[in-house]
Structures are given as structure tokens and as C-alpha cells.
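Each chain, letter by letter, is given below.
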Amino acid sequence: MANRYAVILAAGQGTRMKSKLYKVLHPVLGRPMVQHVIDQLKPTNLDKLVTVVGFGADMVKDHIGQTSEFVIQEEQLGTGHAVLQAEELLKDKDGTTIVVCGDTPLITNNTYQALFEHHEKTGAKATILTAQAPDPTGYGRVVRNEQKEVERIVEHKDATEEERAITEINTGTYCFDNKALFEALKDVSNDNVQGEYYLPDVIEILKQKQQKVSAYLTPTFEETLGINDRVALAQAEQIMKKRINERHMRNGATLIDPDNTYIGPDVTIESDVVIYPGSIITGESIIHSNAEIGPHTEITDCVVGEKTVVKQSVATNSKIGARVQVGPYAHIRPQAAIGNDAKIGNFVEVKKSAIGNNSKVSHLSYIGDADVGNNVNVGCGTITVNYDGRHKYLTTIEDDAFIGCNSNLIAPVTVGKGAYVAAGSTINKDVPKDSLSIARARQTNKEGYAQKLKNRQKD
Ligand code: UD1
Ligand code: CA
């Protein structure tokens, strides 16, 4: 196998997106489109991966810096000019260079692999990845001669009516003989409607030098969608969503309404999980078997244990054990660790807290910066008062404790093992184990006083 190199073109501002964000950073299912391209390219065994970014595109660099080398194209003078920026890093190398646009996030590794293999087999100097487009508007068209050989590519804006009728399009992905590519790029001019140095002109240049050029027609046009505006971005989101959801369904998850279920590319879902409509599961989340998620639930970077049910809730960067009931309307914020068989009920917020096995926080509570043991019952309306305006403090509730409704636990404070806190208490001192703590005003009943009040109101 020849050495393989890749150049990703990602310097365009993407005017048609009408956005301050660089086009290639617009996310598709939560991940920047250029990152999708890199992820799918990587397994093709590349010796070098170079991404061309725009001047000042620090955000693009920050995103891809870990996964790719980059070069800067100071002015966006066209795709041919963009590839030339990688010349210093690549020019002396023998092998195949794949060039991919950073705005085609749906092309799969299989397609890249097939393109490489086709190119290496035919020994062509250039191979274009082409597709049959139902509506080719906007794409470069592949012009073939009478022998059906590829002659050149003509951009939509430069094409004649006759050329515009061609439905075979340039997907913007190519394999080149590396040295032939940089040689031919020197001859590309900007004599066209857009005044740009077009990379596709390399095809005609090679052809004129009697070099062999070829095309690999992929049967999956859908994959090659180029994202130039927000309409195409939404289409890409749909296609990616469908692809990921189908993978999970084939692996044994039930998606009640796949059109309304959004699962990120790095999510793991085990078998017999059921996902109800309106759920969004992203990041590196892992959903263990037989869990039920949704409806209308957002889970980001969480582990959800076996048989756990999460309804109408939001959970972020947390670990939820097995057989836990969450929601409806719970908010599990970062760094929560919920034990097995626990319950986090309606209108409960948990932040940076451990909740032990079999412990219940069933209604209307805030548990923040707390360490709650096993078999604890936290009554309705309990608040851990964790913040004095400057610092956060820890609340500890030991195993088997029982916190009565509407209690305030002013941190730092510990409720000992097996202790009871009476309803309505405001606790600001530690509660010893196995004791009952009552911290509220005593009740006074004034018999017959109600009549007096009513009489007063009549005056
Ligand atoms: C390009 C192709 C077209 C093809 C289509 C497929 C050219 C001239 N045309 O058109 O034949 O059908 O892709 O989607 O190549 N870029 C730079 N620097 C620049 C210009 C562009 O890095 O100076 C990058 C962009 O960020 C983008 C990619 O190159 O990721 C393609 O550029 P774009 O302007 O979207 O080209 P299209 O008009 O879509
Ligand atoms: Ca494009």
C-alpha cells in the first residue's frame, strides 16, 4: 500500500451560513462537522493529516489541534489555493493524498476506503469521488467525453445550460498522486466567474498532460451532502441522526420515535433500552441495559445503570446507578453520583453530591455539595444550604437518617447515622447519631381567637 496523506479544506468562512462561527465548526449532532470528517478519515491509515484553516481561526485550531496538523490560508482564494498551503508539509512525499472538504461531514470511512482502493488499483493520477445528485444545483458537474472518460469539472456558476443538466457531481473529495497534485496546482488560474483558484481544475490540467484521471461513483449521494447553508445543515443532522439511531436499533435498543430522538456519535446504548420521544443523549454517555429514557429527557456525559428510569429530566456529567427512578422533572447537575435503587423524584435538583444506595429524595428538594449515605429518606422540600455567598460547604447525611419535610440543613453540618430531623427544622449544628433533632418555633394555639379576628374584620 502506498503512503497515504490527507488534506482537509476548512478555511472558508462559509458566507452562506450567515454566521460568526466558522462553517466547519457548526455542529452536526453535537460535534463540529470538521471533526466528523477527521474521525471518518483517521481509520484509513494516514501517514499525515493536514487541515487548512483560515487566518485567525483559533477556534478551529483549538478544536482540531489534538487530532490534526494544520496550516493557515491567510486569504480564501479558492480550494486550489487552499491545498497549496499544505505544500511545505507534503511536496516531497511519494504516495496518495486524499483531499476532503471540511463541510462534508456525512462521508463514511467505508467510502473513503473504497475511494483509496479504487485510486490505488487503477493507478490514476487523480480520482474524483462523484455521485448522482437528484438536484445537482450548486455542485461542480463532472464532464465526460464520448468514451465516458472524465474530462474536467465545471463549477455550477461557470457551467452552460447543457452542463448544468449533468447530474453527476463532484463531491469535493479526491485522491491524487501527491507529487502530480502539487505539480498541477502550479498551473491553476483564477480565470473564472468567482475569480478563485479551483482545485477541480487540476483534473483538466492532468488530462491535458495525458495523465490518467478517473472517477469513483459512490452509490450513496446522501453521504456526500456539502453543507453550505442552514438548510443543508438541518438535512445533515437528519441523515446523521437516522444513521446513528438505526445502529442502536439494530443493536437491540427500542426507539419509540426515532425521528424525535437525538443520540450523539459517542453514546453507548446496551440492549433492551427503551428511549421515548423527545430525548437527547449526547457526549460519552453510556446507557446500560433495560434502562428507560424519556420522554423529553436530556442526558449529557452520564452513565445510567441497568433498569433505571429517567423521565422528563435533565442529567449532566453524572453517574446514576441501577434501578433508580429519576423524575419527572428532576435536574441532575455535574458530579452527582446516585447509588443503586435510589429515587430522585419530581422537582429535585442534585449537584456535586453522592446519594447512597436505596436513598430517596422524592420531591421538591435541593441537594448540593452533599454526601448522603445509604437508606436515607430526604423529605419533601429539604434544602442543603450550601452557599453563604462566598464559599460552598459540605452537608453529610449518614446511613439510615430521616430528614423531615421542609428542613434546611445549613452546611457545614452532619446528620449522624440513624438520626431523625423533625419536619420544618433549620439545622445548623451536627445531629448525633440515633437522636431526634427538632429546630423550629413551638406552636401556640389560642382557643376561640378566630371569632375575635372575624369580628374585627367586620368593623
Ligand atoms: C466545492 C467544489 C465543487 C463541489 C463541491 C462539493 C471547488 C471550486 N468546487 O464547491 O466542485 O461540487 O465543493 O461540496 O472546489 N475552502 C478553503 N479555502 C478557500 C475556499 C474554500 O479552505 O479558499 C474550503 C471550505 O472551507 C470548504 C471547502 O473548501 O470546506 C469547499 O469550499 P466551498 O466554498 O464550500 O466550495 P463549493 O462551492 O461547495
Ligand atoms: Ca461546499
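Every value quoted in this text rests on a predicted model; they were computed, and no experiment measured them.

Trainee: Can you walk me through helix α7 (residues 178-185) in this structure?
Mentor: Since one α-helical turn is 3.6 residues long, residues separated by three or four positions face the same way. Counting buried residues in α7 gives 6 out of 8 residues, a clear majority hidden from the surface. Looking at the buried positions of α7, the neighbouring elements they touch are α3 (79-84), α4 (87-90), β6 (96-101), β10 (168-177) and α8 (201-208).

Trainee: Sorry, what's going on with the site of ligand 1 here?
Mentor: Taken together, 24 residues form the shell around ligand 1, and within it A11, Q73, T79, E155 and N170 come nearest. A distance of 2.8 Å separates an oxygen atom of ligand 1 from a polar atom in the backbone of G12. Here an oxygen atom of ligand 1 sits 3.4 Å away from a polar atom, N or O, in the main chain of G102. When the free accessible area of ligand 1 is taken as 760 Å², the share hidden by the protein chains comes to 92%. The biggest single contributor to the shell around ligand 1 is β10, with 3 residues.

Trainee: What is the right way to look at the coordination of the calcium ion (ligand 2) in this model?
Mentor: Tetrahedral coordination by four donors places them ideally at 109.5 degrees to one another around the metal; octahedral coordination by six donors ideally gives 90 or 180 degrees. Around the calcium ion (ligand 2), the protein supplies D103 (OD) and N228 (OD1) as donor atoms, at distances of 2.4 to 2.5 Å. Here D103, found in the loop between β6 and α5 (109-122), pairs with N228, found in the loop between β11 (213-218) and α9 (230-250); they are 125 residues apart in sequence, far enough to count as distant. Classification of D103 by relative accessible area gives buried; the value is 11%.

Trainee: Looking at this structure, how should I read the environment of S19?
Mentor: Topologically, S19 is positioned in the loop between β1 (4-10) and β2 (27-28). Using a relative accessible area of 22% as the deciding quantity, one classes S19 as partly exposed. Look past the residues within four positions of S19 in its chain and what remains in contact with it is Q13, H26 and R230. Engagement of the side chain of S19 in a polar contact is seen with the backbone nitrogen of L21, the distance being 3.0 Å. At 3.1 Å, the side chain of S19 and the side chain of H26 are in polar contact.

Trainee: In this structure, what is going on with the nonpolar core? I would like to understand it.
Mentor: Generally speaking, nonpolar side chains in soluble globular proteins are found buried as a group. Of all hydrophobic cores here, the largest spans 85 residues; its most connected members are L41, I98, I287, I338 and V415. Per element, the largest residue contribution to this core is 6 residues, and it comes from α9. Taken domain by domain, this core gets at least three of its residues from each of domain 1 (4-224) and domain 2 (251-437). Those residues in contact with L41, other than ones at most four positions away along the chain, are A6, I8, L46, L49, I98, V100, N109 and Y112. Counting residues in each nonpolar core, the second largest holds 32 residues, with Y5, V50, L199 and A215 among its members.

Trainee: Is there a simple way to think about α5 in this case?
Mentor: A rise of 1.5 Å per residue sets the reference length of α5, with its 14 residues, at 20 Å; its end C-alpha atoms lie 20 Å apart and thus fit the reference within 8%. Restricting attention to buried positions, one finds in α5 the residues N109, T111, Y112, A114, L115, F116, H118 and H119. Close packing links the buried residues of α5 with β1, α1 (33-41), β6, β7 (126-132), β10 and β11. Positive phi appears at G123, one or two residues downstream of α5, with a value of about 70°.

Trainee: When you look at the packing of aromatic side chains in this model, what are you seeing that I'm missing?
Mentor: In this description, a pair of aromatic rings is defined by centroid distance and the angle of the planes. Per the counting criterion, the structure on display carries 4 aromatic pairs. Plain terms: the ring middles of Y174 and F176 are 5.4 Å apart, the flat faces sit at 25° to each other, and that makes the pair stacked. Between the aromatic rings of F402 and Y420, the centroid separation amounts to 5.2 Å while the plane-to-plane angle is 20°, which identifies the pairing as stacked. Taken together, the positions of F402 in strand β36 (residues 402-403) and Y420 in strand β39 (residues 420-421) put the pair 18 residues apart, joining distant regions of the chain.

Trainee: Hey, could you run me through the sheet that holds strand β12 (residues 254-255) in this one?
Mentor: In a beta sheet, neighbouring strands pair by backbone hydrogen bonds and run either parallel or antiparallel. Taken together, the 11 strands give an open sheet; going across it, the order is β12-β15-β18-β21-β24-β27-β30-β33-β36-β39-β41, and neighbouring strands pair in parallel fashion. Both edges of this open sheet fall to β12 and β41 (436-437), since each of them pairs with a single strand only. Examined bridge by bridge, strand β21 (residues 309-310) and strand β24 (residues 325-326) share 2 bridges and lie parallel to one another. In the sheet register, V309 faces β24, and the bridge partner there is Q325.

Trainee: How should I be thinking about the sheet that holds strand β38 (residues 413-415) in this particular structure?
Mentor: One open sheet accounts for 9 strands, arranged β14-β17-β20-β23-β26-β29-β32-β35-β38; its pairing is parallel. Either end of the sheet is taken by a strand with one partner, and the two such strands are β14 (268-269) and β38. Here 2 bridges tie strand β20 (residues 303-304) to strand β23 (residues 319-320), and the two strands are oriented parallel to one another. Along β23, the bridge assignment pairs V304 with I320.

Trainee: What's the story with the side chain of D369 in this structure? I'm lost.
Mentor: Locating D369 in the fold gives a position in the loop between β31 (366-368) and β32 (370-372). Residue classification places D369 among the buried positions, given a relative accessible area of 8%. What D369 contacts, discounting residues up to four positions off in sequence, is K351, K352, S353, N386, K392, Y393, L394 and T395.

So, how was this worked out
- Residues numbered from 1 in each chain as written.
- Chains lettered and ligands numbered in written order.
- Predicted model: local features only at pLDDT ≥ 70, side-chain atom pairs only at ≥ 80, totals over all residues.
- Heavy atoms only, no water.
- Buried < 20%, exposed > 50% of the residue type's maximum accessible area, 1.4 Å probe, protein only.
- Helix = DSSP H or I, 4+ residues; strand = E, 2+ residues; numbered from the N terminus.
- Contact = heavy atoms within 4.5 Å.
- Near = heavy atom within 4 Å.
- Polar contact = N/O pair within 3.5 Å; in protein donor to acceptor, adjacent residues only side chain to side chain.
- Areas by Shrake-Rupley, 256 points an atom, 1.4 Å probe, with all protein chains shown as cover.
- Donors = N, O, S within 2.8 Å, 3.2 Å for Na, K, Ca; no water.
- Core = buried A, V, L, I, M, F, W, Y, C linked by side-chain atoms within 4.5 Å.
- Domains from an automatic or database assignment.
- Expected span 1.5 Å × (residues − 1).
- Phe/Tyr/Trp six-rings, centres within 6.5 Å; stacked < 30°, edge-to-face > 60°.
- Pairing = 2+ DSSP bridges.

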